[in-house]
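Chain and residue survey
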Amino acid sequence: MGMKDQFQDKSEQWQQQAKQKAQEGREQAQRGRQGQGQGPDRERDRDRMRDEEAERLQREEQERLDPDYEM
């Protein structure tokens, strides 16, 4: 077996290992989503919190700038 064959075999082993790990990760993620049962609600809450945070930052910025324009 030449060096080229050894490298090719090693490459194929690494590719197979990467595929297995990716599959395990997908299965684990799927189990995690099923276990939560609150997936869509949690996402909606996270979106709502993000929106509220953006609004709060906008209000603070506006309040900070408003006194500059009052005379």
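Here goes a summary of the coordinates provided. (Residues numbered from 1 in each chain as written. Predicted model: local features only at pLDDT ≥ 70, side-chain atom pairs only at ≥ 80, totals over all residues. Heavy atoms only, no water.)

1. Focus: the pattern of salt bridges
Throughout the structure, instances matching the rule amount to six salt bridges. Across the pair R50 and D47 runs a salt bridge, and its minimum N-O distance is 3.2 Å. Taken together, the residues R50 and D47, both in helix 2 (residues 39-69) and three residues apart, mark about one turn of the helix. For E53, the salt bridge goes to R56, with nearest N and O atoms at 2.5 Å. In this pair, E53 and R56 are both assigned in helix 2, three residues apart and thus about one turn of the helix distant. (Salt bridge = Lys/Arg side-chain N within 4 Å of Asp/Glu carboxyl O. Helix = DSSP H or I, 4+ residues; strand = E, 2+ residues; numbered from the N terminus.)

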